[in-house]
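Descriptive structure summary
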Amino acid sequence: MKTGIEQVRFDGRKPFIIAGPCSAETREQVLETCTALAATGRVDMLRAGVWKPRTKPGTFEGAGARGLAWLTEARGATGLPVAVEVATARHVESALRHGIDAVWIGGRTTVSPFAVQEIADAVRGQRGVAVLIKNPVNPDIDLWSGAVERLLAAGVEQLALVHRGFSYSGVGQPYRNSPMWHLVLEMRARWPHLAMICDPSHIAGRREHLREVAQTAADLRYDGLMIESHVCPSQALSDAEQQITPAALDALLSEIRWRSPDGGDPEFARRLEQFRREIDQIDAELFTLLGRRMQIADMIGEEKRANNVAILQHDRWRDIVERVSLRAAELGLSPAFVKTVLEAIHIESIDRQNRIMNK
Ligand code: PEP
Ligand code: MN
């Protein structure tokens with residue numbers, strides 16, 4: 001079945017929605033979930049994992065190849081294309097034998113060039129099959145891009161990207177994986193002709209956060225969403241905390257506002273243009289100031305070199321961070337943002353002073 005995913009572009013009308021259970025567990029669970037999802041009229045592709053990459057051994061590792069037959073049965077019942085996760089050539093061959101329409105490369109597989117190449121070789125010449133590449137779990141855009149290159153070189157025509165967030169040691173953070181939206185913007189700039197689908201389920205990790213993540217994706221003009229859905233989420237054998245019922249998925253999708261690219265109102269376009277000019281002006285000023293700051297850091301570097309003083313002065317840096325953070329908080333800037341900006345400035349200053357010291 002032609003999935004159409006390679007032509008998906010969110011054009012202000014209909015995002016591409018992929019939904020289905022994290023894992024295919026039983027024939028009944030797959031069929032019940034998939035028919036209920038199809039009945040919402042909002043879903044374009046069904047998903048389920050049959051080989052599950054689990055963090056810990058001894059947990060449910062998927063139903064295996066027999067789950068593929070449940071998925072193709074779901075396709076027969078709904079008319080929707082079906083997708084499954086693959087991590088090896090054997091998985092691909094098995095999926096193709098069962099006539100699965102789309103395969104996705106999971107976040108733990110995209111990290112391995114050997115595994116990605118093996119999958120690319122296995123789909124070579126298989127025109128009918130669509131391939132979705134999830135981002136690698138580590139925040140490495142080159143690695144994700146490399147996977148795209150391998151699949152394109154294998155002649156895959158129906159190719160799309162899935163953003164599932166990045167692993168991080170985010171103690172106290174709300175999400176299971178960090179979205180790092182800026183990295184995905186960079187990936188989209190590199191591959192503007194590939195659809196970008198957001199997977200709020202694996203980013204959020206908990207159903208109560210799905211909506212805010214999905215809305216951010218819509219605001220950033222993603223082309224669609226992949227969301228995990230299970231007829232009885234609390235009983236799910238994997239990812240129970242992030243799955244939602246088909247009815248909840250229907251409600252969630254009805255709440256997401258997919259905004260049009262330009263709004264179509266000339267007054268709005270004029271105001272936007274004015275704000276953008278102001279932003280451009282501020283950016284120019286910011287960089288002029290940063291340039292000036294670095295010149296002064298260089299002069300300090302020269303002084304430190306002449307007097308044989310160490311570059312890094314911990315107390316001084318702590319003072320700067322404290323003072324700037326207080327001011328930034330008054331201005332309503334988030335501590336994480338202030339930390340990122342200050343660290344970038346600090347690293348650049350130290351690099352420059354290092355060069356001066358060692359010239
Ligand atoms: C999944 O989609 O169920 C899955 C295992 O995803 P990821 O590779 O993003 O962890
Ligand atoms: Mn999952």
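These lines cover the structure that appears in this document, whether it is placed above or below. From a predicted model like this one, the values you see are computed outputs, not experimental measurements.

A few points about the coordination of the manganese ion (ligand 2)
Bound to the manganese ion (ligand 2) on the protein side are C22 (SG), H202 (NE2), E228 (OE) and D239 (OD), at distances that span 2.1 to 2.4 Å. Read in sequence order, the donor residues coordinating the manganese ion (ligand 2) give the pattern C-x179-H-x25-E-x10-D. On the criterion of sequence distance, the pair formed by H202 in helix α8 (residues 200–204) and E228 in strand β8 (residues 224–228) is long-range, its members being 26 residues apart.

Section: the site of ligand 1
Around ligand 1, a shell composed of C22, R47, K52, E85, W104, G106, G107, R108, K134, R164, H202 and E228 is seen. Contact distances for ligand 1 include 2.8 Å between an oxygen atom and a side-chain N or O atom of K134. One nitrogen or oxygen atom from the side chain of R164 is found 2.6 Å from an oxygen atom belonging to ligand 1. For ligand 1, the accessible surface in isolation is 290 Å², of which the surrounding protein chains cover 97%. Assessed atom by atom at 2 Å from the grid points, ligand 1 resides in the second largest pocket. Residue composition of the shell around ligand 1, grouped by class: two nonpolar, three polar and seven charged.

Description of the pattern of salt bridges
Summed over the entire model, instances satisfying the criterion amount to 26 salt bridges. Taking the shortest distance from any N to any O, the salt bridge between E28 and R27 comes out at 3.7 Å. Here R176 ties to D239 by a salt bridge, and the two come within 3.1 Å at their closest N and O atoms. Taken as a pair, R176 in the loop between β6 (159–163) and α7 (181–190) and D239 in the loop between β8 and α10 (246–255) lie far apart in primary sequence, 63 residues in all. Owing to a relative accessible area of 17%, D239 belongs among the buried residues under this scheme. In this structure, a network of salt bridges that share partners links the residues R27, E28 and E73.

Section: the pairing of strand β5 (residues 130–134)
Among the five residues in β5, five count as buried, and that is most of the element. Burial of β5 is two-sided: the residues A130, L132 and K134 facing one way and the residues V131 and I133 facing the other way are all buried. Of the pairings in the sheet, the one linking strand β4 (residues 102–105) to β5 comprises four bridges and is parallel in character. Bridge pairing links I105 to I133 in β5. Direction of pairing for β5 relative to β6: parallel, over a ladder of four bridges. For K134, the partnering residue across the bridge sits in β6 and is V162. Between the parallel pair β5 and β6, the chain is carried across by helix α6 (residues 141–153), and the sense of this crossover is right-handed.

What counts as what
- Here, residues in each chain are numbered from 1, in the same order as that chain's written sequence.
- Going through the entries in the order they are written, you letter the chains from A and number the ligands from 1.
- For this predicted model, a pLDDT threshold of at least 70 governs which residues receive local features, and a threshold of 80 or more governs which side-chain atom pairs are given and counted, while totals over whole chains, interfaces and linings are taken from all residues.
- Processing note: side-chain calculations cover all non-hydrogen atoms of the structure and skip hydrogens and water entirely.
- Coordinating donors are taken as N, O and S atoms within 2.8 Å of the metal, stretched to 3.2 Å for Na, K and Ca; because water is absent from the atoms, sites can appear incomplete.
- Per the convention used, a helix needs a DSSP run of H or I reaching at least four residues, while a strand needs a run of E reaching at least two, with both numbered from the N terminus.
- Any residue with a heavy atom positioned within 4 Å of a molecule or strand is treated as near that molecule or strand.
- Distance and chemistry together define a polar contact, namely a pair of N or O atoms within 3.5 Å, with one atom able to donate a hydrogen and the other to accept it when in protein, and with adjacent residues in sequence counting only for side-chain atoms on both sides.
- In these tables, accessible area is a Shrake-Rupley quantity obtained with a 1.4 Å probe, and a residue counts as shielded only by the protein chains included in the view.
- Cavity and pocket criteria rest on a 1 Å grid covering protein atoms alone: a 1.4 Å probe that fits but cannot get out defines a cavity, protein on both sides within 12 Å along at least 5 of 7 lines defines an open pocket, and an atom within 4 Å of a point defines a lining residue.
- Placement in a cavity or pocket follows one criterion, namely that more than half of the molecule's atoms lie within 2 Å of its grid points.
- Charged means Asp, Glu, Lys or Arg here, nonpolar means Ala, Val, Leu, Ile, Met, Phe, Trp, Tyr, Cys or Pro, and polar covers whatever is left, Gly included.
- Here, a salt bridge means any Lys or Arg side-chain nitrogen found within 4 Å of an Asp or Glu carboxyl oxygen.
- In this scheme, a residue with accessible area under 20% of its type's maximum is buried, one over 50% is exposed, and one in between is partly exposed, where area comes from a 1.4 Å probe on protein chains only.
- Strands pair, by our definition, only if DSSP identifies at least two bridges between them.
- When the strands point away from the viewer and the connection leading from the first strand across the helix to the second strand turns clockwise, the crossover is called right-handed.

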